[in-house]
Amino acid sequence: MVICMIRDTVKHVALRIQEGMLQDMFRQTKWIYQYARRYWLAIIIYTLIGLLGTLVGLGSSLVSKDMVDIITGHQTGALVQTFCAMIGLAIGSTLMNQISSYVSNWISIKVDNEIKADIFSKMLVTDWESITNYHTGDLLTRWSSDASGISSGILNWIPSLVINTFRFISAFAIVIYYDASFAIFSFIGIPFTLLMSKTLMSRMVNNNQRSAALNARMSGFNQEAFSNIQSIKAFDLIPLYVKYLKQLQKDYLTMRMDFQKMSMITSFLMALVGLVVSYSSYGWGIYRVWSGVISYGTMTMFLSLSGTLTGTLNSLISLVPNAISLTTSAGRLMDILDMPKEDYSQDDAVISFLGKYRRHGIEIHVSNIDYTYQGGTQVFKQASLKAKPHEIVALIGPSGEGKTTMLRLILALLSPQDGMITFSGRSDENEETLSISPSCRKLFSYVPQGNTMFSGTIAENMRNVKPEATDSEIIEALQIACAWDFVNKLPDGIHSVIKERGGGFSEGQAQRLSIARALLRKSPILLLDEATSALDTGTESRILEQIREDRYPRTCIVTTHRKEVLNICNRVYRIEDKKCVPLDAGTLLHS
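It should be emphasised that the depicted structure is a prediction, and the values quoted were computed from it without experimental measurement.

## Quick notes on the overall build of the protein
Alright, step 1. Counting secondary structure elements, the protein contains 19 helices and 12 strands.
Alright, step 2. Counting every position in the protein, which comprises 591 residues, the buried fraction comes to 44%.
Alright, step 3. Of the contacts formed within the protein by residues at least 6 apart in sequence, a portion of 78% connects residues at least 24 apart.
Alright, step 4. Of the roughly 30,600 Å² of accessible surface on the protein, a fraction of 59% belongs to carbon and sulfur atoms.

## Some thoughts on the packing of aromatic side chains
Alright, step 1. On inspection of all chains with the given rule, the structure shows eight aromatic pairs.
Alright, step 2. Clustering of aromatic rings is evident, with ring pairs tying together Phe221, Tyr241 and Tyr244.
Alright, step 3. Here the basic side chain of Lys116 rests over the ring of Trp143, its NZ or CZ set 5.5 Å away from the ring centre.

## Concerning the layout of surface pockets
Alright, step 1. Empty space within the largest pocket amounts to approximately 1,600 Å³.
Alright, step 2. As for the largest pocket, its lining consists of 35 residues, of which Leu124, Trp128, Pro448, Thr452 and Phe454 are closest to the centre.
Alright, step 3. Here the lining of the largest pocket is composed, by residue class, of 20 nonpolar, eight polar and seven charged.

## Some points on the nonpolar core
Alright, step 1. Core analysis: the biggest nonpolar cluster contains 44 residues, and Leu478, Leu513 and Leu528 have the highest contact counts within it.
Alright, step 2. Contributing elements (two or more residues each) for this core: strand S3 (392–396), helix H14 (458–463), helix H15 (471–480), helix H16 (484–487), helix H17 (507–520), strand S9 (525–529), helix H18 (537–549) and strand S10 (555–559).
Alright, step 3. Per-element tally for this core: the top contributor is H17, with seven residues.
Alright, step 4. Ignoring any residue separated from it by four or fewer positions in sequence, one finds Leu528 in contact with Leu407, Val447, Ile515, Leu544, Ile547, Cys556, Ile557, Val558 and Thr559.
Alright, step 5. In terms of nonpolar packing, the next biggest core, distinct from the first, is built from 35 residues, Leu354, Ile362, Ile364 and Val379 among them.

## Examining the confidence of the model for the protein
Alright, step 1. In this model, the protein carries an average pLDDT of 80, and 87% of its residues clear a pLDDT of 70 or more.
Alright, step 2. Looking at the elements of the protein, mean pLDDT is at its lowest for helix H1 (residues 2–18), recorded as 47, and at its highest for strand S1 (residues 362–372), recorded as 94.

## Observations regarding unusual backbone geometry
The general pattern is negative phi for most residues beyond glycine and trans for most peptide bonds.
Alright, step 1. Unlike most non-glycine residues, Lys522 shows phi in positive territory, near 60°.
Alright, step 2. Within the fold, Lys522 resides in the loop between H17 and S9.
Alright, step 3. The residue Asp577 is not glycine, and still its phi comes out positive at about 55°.
Alright, step 4. Position of Asp577 among the secondary structure elements: in the loop between strand S11 (571–576) and strand S12 (579–583).
Alright, step 5. Under the relative-accessibility criterion, Asp577 is labelled exposed at 67%.

## Quick look at the packing of H15 against H17
Alright, step 1. Across the interface, H15 lies against H17 with an axial gap of 8 Å and an inter-helix angle of 125°. Taken together, H15 and H17 sit at an angle that is classed as oblique. Both H15 and H17 take part in a crossing whose hand is right-handed. On H17, the residues that touch Glu473, Ile474, Ala477, Leu478 and Ile480 of H15 are Leu513, Ala516, Leu519 and Leu520.
Alright, step 2. Split into classes, the residues belonging to the contact of H15 with H17 amount to eight nonpolar, no polar and one charged.

## Focus: the environment of Asp428
Alright, step 1. Mapped onto the elements, Asp428 comes out in the loop between strand S4 (418–426) and strand S5 (431–435).
Alright, step 2. Judged by relative accessible area, which is 68%, Asp428 ranks as exposed.
Alright, step 3. It is 9.1 Å that separates the C-alpha atoms of Asp428 and His360, two residues lying 68 residues apart in sequence.

What counts and how
- Residues numbered from 1 in each chain as written.
- Predicted model: local features only at pLDDT ≥ 70, side-chain atom pairs only at ≥ 80, totals over all residues.
- Heavy atoms only, no water.
- Helix = DSSP H or I, 4+ residues; strand = E, 2+ residues; numbered from the N terminus.
- Buried < 20%, exposed > 50% of the residue type's maximum accessible area, 1.4 Å probe, protein only.
- Contact = heavy atoms within 4.5 Å.
- Areas by Shrake-Rupley, 256 points an atom, 1.4 Å probe, with all protein chains shown as cover.
- Phe/Tyr/Trp six-rings, centres within 6.5 Å; stacked < 30°, edge-to-face > 60°.
- Lys NZ or Arg CZ within 6 Å of the ring centre and 35° of its normal.
- 1 Å grid on protein atoms, 1.4 Å probe; cavity = no way out; pocket = protein on both sides within 12 Å on 5 of 7 lines; lining within 4 Å.
- Points joined across faces, edges and corners; volume = space filled by probe spheres on them.
- Nonpolar A, V, L, I, M, F, W, Y, C, P; charged D, E, K, R; others polar.
- Core = buried A, V, L, I, M, F, W, Y, C linked by side-chain atoms within 4.5 Å.
- pLDDT = per-residue confidence, 0-100.
- Axes fitted to C-alpha atoms, helices over the stretch in contact; angles between N-to-C directions.
- Parallel < 35°, antiparallel > 145°, perpendicular 65-115°, else oblique.
- Left-handed = near helix turned anticlockwise from the far one by under 90°.

Structure, rendered in C-alpha cells:
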C-alpha cells in the first residue's frame, strides 16, 4: 500500500511539473519576494523572538531534568537554586510570550496595512477596461483575504522555517548527547507523517482554490444585494435572494465539510501515530531507568523533547502546504496586478499645461478615431468631434450607440485603436497641443450616469474634489447647479448628512449635487453623461444655461436624449453609423 501511495505521489508531482506548476510557483515566489525584502528587519525580529523562546524552552527542559533528579536522589545539588531557576525560566517564558505577542501583532498589522495599501493603489491604476472584467466582490476578496495571506506568510514562513529547524536540531542534539537510542523514537512516525501531509496538501490546494472562488461569489452577492436593497424590496425579491444566499452557504458548507472529513481522518491517524511514538518513548524510558542507564530526570526530559521533535517536524512539513497556499494567493493577486497599467508619466506636463491655459480655456479635438471593445464590438470608425471653451456640445443618439463610450475615450479610460484625441490651449503668447493620457484627467470634471454621492455631509462631498473650498464657493456651485434652493432649506444646510448612495435625497436632487461638485472643481472641461436625466426639462435647461453663461472658460460636453435642450447647445453631434455626425439647426428642428 505504501509503495502504491509513493508511486501515485510521484506520478501526481510529475504531472503537475509538466503542467508548469514549478514555473508558476517560482514566478509567484519572486513576486512575493518584492514585498518580503521590504520587511527584512521585521522578519529578523520575528525570528530572533522565536529563537529566544526556543532557548528558554530548552533551558526549562534541562532545569526540569535537574529538579527531578535532585528530588529522586539521583543527583545532588542546590534544590533552592534549581527551583528558583525553574521559576525564573517560567516567568521569563511567560514574559517572552507576552512581548512576542505584542510585537508580533504590531508588526503584523503594520505590514498587512502597508501591503494592502500598496496593492490597493496598484489595482486603482490598472487598465480600466481590463479590471472591469472582474466582479467587485472578487476584487474585494483578492484585496482583503489574499493580501492578508501574503502579509502573514511573509512574516511567518521564513521565521517558522528557521525557528523550527533550530528547535529540531537543538532538541535532537540534546537527545543524542544524553542517550542516542531515544532519537529512534522521534523518527518512527516520519514516513506516515510525510504520506499524510502529501494527501492533505493536495486537498488543501484544491480547497484553497474552491474556497477563494466561493468567497468571491459570496462577497459579490452580498455587495450587490445590499447595494440594491431598494430594488429587491420593490420587486418583492426577498424570498428569492434569501434562497440564493442559502444556496451559496450550502455550497460553501459542502466544500468545507469535504475538506474537513479528510482533515479529520488525517489528524486522527497522525494523532494515533503520535500516541504510538509517545508510549514507545515511555516504555523505552522506563526500561532505561530500570536498567540504571538514565535517571528519572533524563527520562522526563526525553519525553518532553520527543514531543518537541515530533511537533517541530510536523511544523516543518506543514510549511510545504503553507507555501502552496501563499503562492496561490500571490497568483490570484498577480492576475489583477499583471494587467496593463495606466501611464501617469505625463503628470508634470499636464500640470504645466493646465497652469498656462486654465484662464483661457482648453479645446477638445477627437480626430478620426476607431474603437472596438475587447469583446469584439466595434463602436466607432473614423469618428470626429470638437468642443471649445464657453461651448456646450451635445452628443445624441439611441442608447447603446456609443455616447458613454465616447466620454470614456475622452477620459482615457479607454484607448482608441486608431485616430487621435488631443487638447489645445491658447493664450496671448502661446498655443500648445497635448496628446491624451490618463494624466489628462486633471483637466476634467465628470458626472456619470447614476447616483455618485458618497456617505457624509454635503460639504464633505463637495470638498472631495476641492479640499480647500470655502463655504461661499460651495454655495456658488450649488446655485449654478440649481441645488441651493433645496439645500438652503435643510436644517443643517451644506452640513446636512447624505446617506450611502445618496440616501435621503431624491434622484434629481442627488444629480444636482453631483453637478455642483463637478462645477466646484473648476476644471476646464466638464463632461455630463445623462447627468440631468432625472430632472424636469425646465430645470435641465436652466442648469445648462447657467453653465454656459458662467464666466469661467469651461468646455462642456453633455449626452442627452432630450431634444428640448438642444437649442441651448452650441454644437450637436448625432452618433450614427459609428461616426459623430454634426447637425445643423434645420436638421435639429425636423429630427
